[in-house]
Amino acid sequence: MPSEFSVLFLTNGGAPSSPAPGGGHPLSVVTEDSIPAVTERLRSEEFDCVIADVGATDTGDPSVLDAVRDEFGDVPFILLSDGSDSVPTDAFADSIVHTVEPDQQVPFRELATYVSATSDLEGAVDEGTTADRFGVFARHSRDAVVTADEDGHISDVNPAASTLFGYESEELVGEPLSLVFAESDATDAVLSPMTDEASTPSLQWQTVQLDVAHAEGHEVPVLATFGTFSDADGRYYTGIIRDISERKRLETELESHFERVTDAFFALDTDFDFRYVNDHAAELLGVHPETVVGDNVWDRFPGAVNSTFQEQYEKAMETQESVSFEEYFPPLETWFSVRAYPSETGLSVYFQDVTERKEREQELRQRRAELESVAQLNRVVHGINEALVEAASHEAVERLVCEELAESPQFDYVWLGRTRQPRRGIDPVAAAGDGPAPADIAVESDPSSGAETPAAVAAETQTLQVVDDIDAADAFDPCCGAVRDADFTSAAAIPLVYKDTLFGVLNIYAESPGAFTEGVVDALSQLRNVVGLAFSATERRAALIADQTIELELELVGDSAFFDAVADADARLELDGASAVDDHTFVEYFTVTSGDADLLREQATAADAIEDVSIVTEQGDETLLTLTIVDPPISTLLADHGGTLRTLEIDGETARLVAELPQSASIRSIVQSLDELFERADMRAKREHQRPERRVAELRSALENELTDRQREAIETALYAGYFEWPRRSDAEDIAEALGISSPTFHEHLRTAEQKLLTDLFDGDTEYVQDVQDVE
């Protein structure tokens, strides 16, 4: 086994101090961090060369180290510089100055090969072989060592050179370097330190990558490093040449591998400069894979500075542990899933564009949140439905609806306004939540003002209005009065309608954008008829139990084929009643007290709303007539307002109507509704009507004393929900569901309540009631 080549390395730790593994002659490195320590080592041990880092302690002044070199003149000295150190050109004229980049591995083996090749080492390589200046280390080096004279002719080679070039040693010695460095650029790169007479030591050891010519005709990629030395025979140049064919092959395979991986990939060095970028990564990052190499990642992508990307990459380099994360990169509007693997030489980063998946996840989260929001709102609406059954007045309905909705986490402020008739307008009457009081809300309703609000538009069109972004709304003023000063982002206005009658507008505001999704709007739409029905029910309830009612007398002037027919027949009609065939078709019963009934029957069918006219009976001067119409009868319109039609007399082109209404009924609304059906509706009288106190008291007593809570709840809900009307506004299943009971249970409560009330009505004639039950 050949003896070991020993190196004494003076450094402060700024450069790696361990030799790279490799074949060839054994090499050892001993490290010291001060000149006194180096001097002590040289006095006690033998070393084949000394390598000193110019940036190390005490070596900033080369003359200090020069004194050590003078004392140990037989030991070759090599200086290392990072290019920034100031090294006098005349310092160590007989020494080598080699430049290494910061954090670059020191090429101990190359330097040792050079030293051994340019020194007369004592000893033999093998038995029978005399020592020459190539020495033991040069002959056992895995790299080719070539020495040329001043004329550029090869004077010596080691065995590795013969292997690299494919020539025997005797075939190379004496030949010009151009034999193996065929290309002119390669020859110039190799010979430049030889031909430049003003060349200084700092120009040596500049490694270049070249292709050399093999004896068999192919080219071999190499790294060549040349330096100069002199002896008694003259000036010589020695180069260490390393075959990098295998490395090139591996790089090519690795690059091919990176291009085949489905992930985008790039490699960074320890300074976070790009070393490699595959095509997929270049496409996602919007860069060219070749031109970006060498650029600093933070300079190329400043948007990543102080972001999760920088934090995680630096963490990986510092801890030498892999990291994985997902993060959005705003400049590229892309979500990336990243896995970064650190090493001593840099960072390997694999990443994917996961924007589509992130958007799906966000959509699913939003959908789940919306479903929960809708489910919660449905619970609120259901609670409102149940509570409205007990509401005793308009005011109670308005207050209850606002308070319940304001309690919902989706909404921040709710106000409700009543509509004014016949002139369009809205009067705020109730509010709840974080917003102004009703008195501070002003609703712009004049279209000429250019300040149409959702509330005004909802009242005008009777359609639900939604504003997703109040700041961006330009179709109309999204707020009313003091509401503008609040920090609301979205809003909705819901017209409260029942049986084509508009009772008011419900206005809801939220601080979160897009609060009124499709599902929320669907849930809120249920309130249109529910609250409208509650208003209608409270009016009917008031009419049923009130001691005083309003008797309204109107004159109606017709402008239709039917009124023309009545005038032509010189007829006079009195309404006896009406019934429904279905939701859109009704039958009205009239008694013709004078005129030509046959002529009336013939001509009345010309009216658009009348499908059929039939004579039922004729008794003396009176004829019973039925009209099948497609418009709701007047009795239905009055019932929607809690009223009852007492008389309707048609005489020619005019009609006289008398109706009984609750005190809370909107007379203006009723007149407006009739005015839309006829040419004109004029109010002739408005009288207060006092009901018999005895029967009112008895009815109340029966309701309060004889019925259980469940029985009273069942019959009241049935009454106010229109169960007793025809056609029924609600069936038994709907009412049972609202009460939270089964349909048979509802029927049981209802029949029992009816039995008790009818028994009271017939003066307690229980025997009669029992007979009826037996018949059933």
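Residues numbered from 1 in each chain as written. Predicted model: local features only at pLDDT ≥ 70, side-chain atom pairs only at ≥ 80, totals over all residues. Heavy atoms only, no water.

## Some points on the overall build of the protein chain
Alright, step 1. The secondary structure content of the protein chain amounts to 24 helices and 28 strands.
Alright, step 2. In the protein chain, buried positions account for 46% of the 776 residues.
Alright, step 3. Counting contacts in the protein chain only where the partners sit at least 6 residues apart, residues at least 24 apart contribute 56% of the total.
Alright, step 4. Just so you have it, the protein chain exposes about 38600 Å², and 45% of that area is on carbon and sulfur atoms. (Helix = DSSP H or I, 4+ residues; strand = E, 2+ residues; numbered from the N terminus. Buried < 20%, exposed > 50% of the residue type's maximum accessible area, 1.4 Å probe, protein only. Contact = heavy atoms within 4.5 Å. Areas by Shrake-Rupley, 256 points an atom, 1.4 Å probe, with all protein chains shown as cover.)

## A short note on the sheet that holds strand β20 (residues 501-510)
Within a beta sheet, neighbouring strands are joined by backbone hydrogen bonds and run either parallel or antiparallel to one another.
Alright, step 1. Taken in spatial order, the five strands of this open sheet run β17-β16-β20-β19-β18, and their pairing is antiparallel. The open sheet has two free edges, formed respectively by β17 (426-433) and β18 (465-467), since each of these has just one partner strand. The sheet shows a mean angle of 15° between the axes of neighbouring strands, taken without regard to direction.
Alright, step 2. Relative to β20, strand β19 (residues 490-498) runs antiparallel, the two being bridged by nine bridges. Its bridge partner being in β20, valine 497 is matched across the sheet by leucine 502. (Pairing = 2+ DSSP bridges. Axes fitted to C-alpha atoms, helices over the stretch in contact; angles between N-to-C directions.)

## Considering the packing of aromatic side chains
Alright, step 1. In the structure shown here, the tally under the stated rule is 22 aromatic pairs.
Alright, step 2. Judged by centre distance (5.6 Å) and plane angle (10°), the rings of phenylalanine 411 and phenylalanine 516 are stacked. With a gap of 105 residues between them, phenylalanine 411 in the loop between α13 (394-407) and β16 (413-419) and phenylalanine 516 in the loop between β20 and α15 (518-545) connect regions that are remote in the sequence. The pair phenylalanine 411 / phenylalanine 516 is uniform in exposure class, with both members buried. (Phe/Tyr/Trp six-rings, centres within 6.5 Å; stacked < 30°, edge-to-face > 60°.)

## A word on the sheet that holds strand β15 (residues 346-353)
Alright, step 1. In space, the five strands of this open sheet follow the order β12-β11-β15-β14-β13, with antiparallel pairing throughout. Looking at the sheet topology across the chains shown, the edges are occupied by β12 (274-277) and β13 (323-329). Averaged over neighbouring strand pairs, the angle between their axes works out to 25° when direction is ignored.
Alright, step 2. In terms of strand pairing, strand β14 (residues 334-343) meets β15 through eight bridges, oriented antiparallel. Pairing of tyrosine 341 across the sheet is with serine 348, part of β15.
Alright, step 3. Contacts between helix α11 (residues 308-319) and the sheet are confined to β11 (264-269), β13, β14 and β15, with β13 contributing the most and set at about 160° to the helix.

## Quick look at α11
Alright, step 1. Between its first and last C-alpha, α11 extends 16 Å over 12 residues, near the 16 Å set by a 1.5 Å rise per residue.
Alright, step 2. Regarding α11, the residues found buried are Phe309, Gln310, Gln312, Tyr313, Ala316 and Met317.
Alright, step 3. Its buried side turned inward, α11 meets β11, α10 (297-300), β13, β14 and β15.
Alright, step 4. Phi turns positive, to about 55°, at glutamine 320, one or two residues after α11. (Expected span 1.5 Å × (residues − 1).)

## What to know about the confidence of the model for the protein chain
Alright, step 1. On average, the protein chain scores 75 in pLDDT, and the residues at 70 or more come to 72%.
Alright, step 2. Across residues 764-776, where pLDDT falls below 50, the model places seven contacts with residues more than four positions away in sequence or in other chains. (pLDDT = per-residue confidence, 0-100.)

## Quick notes on the packing of helix α16 (residues 561-568) against helix α17 (residues 597-604)
Alright, step 1. One way to put it is that α16 packs onto α17 with a least axis distance of 9 Å and a crossing angle of 160°. The pairing of α16 with α17 is recorded here as roughly antiparallel in orientation. When the axes of α16 and α17 are compared, the crossing they make is right-handed. Across from Phe562, Ala565, Val566 and Asp568 in α16, the residues of α17 making contact are Leu599, Leu600, Gln603 and Ala604.
Alright, step 2. Within the contact of α16 with α17, the residues separate by chemical class into six nonpolar, one polar and one charged. (Parallel < 35°, antiparallel > 145°, perpendicular 65-115°, else oblique. Left-handed = near helix turned anticlockwise from the far one by under 90°. Nonpolar A, V, L, I, M, F, W, Y, C, P; charged D, E, K, R; others polar.)

## A look at unusual backbone geometry
Alright, step 1. Non-glycine residue phenylalanine 272 carries a positive phi angle of around 65°.
Alright, step 2. Residue phenylalanine 272 is classed as buried on the basis of its relative accessible area, which comes to 11%.
Alright, step 3. For glutamine 320, which is not glycine, the phi torsion reads 55° and is therefore positive.
Alright, step 4. Tracing the chain through its elements places glutamine 320 in the loop between α11 and β13.

## Remarks on the environment of valine 212
Alright, step 1. You can see valine 212 is positioned in strand β8 (residues 208-213).
Alright, step 2. Separated by 31 residues in sequence, valine 212 and phenylalanine 181 place their C-alpha atoms 5.2 Å apart.

## Brief notes about the pattern of salt bridges
Alright, step 1. Inspection of every chain in the model, using the stated rule, returns 18 salt bridges.
Alright, step 2. Between glutamate 574 and arginine 572 there is a salt bridge, with the nearest N and O atoms lying 3.0 Å from each other.
Alright, step 3. By relative accessible area, arginine 572 is classed as partly exposed at 25%.
Alright, step 4. Look at the salt bridges and you will find they share partners, linking Glu326, Arg357, Lys358 and Glu361 into a network. (Salt bridge = Lys/Arg side-chain N within 4 Å of Asp/Glu carboxyl O.)

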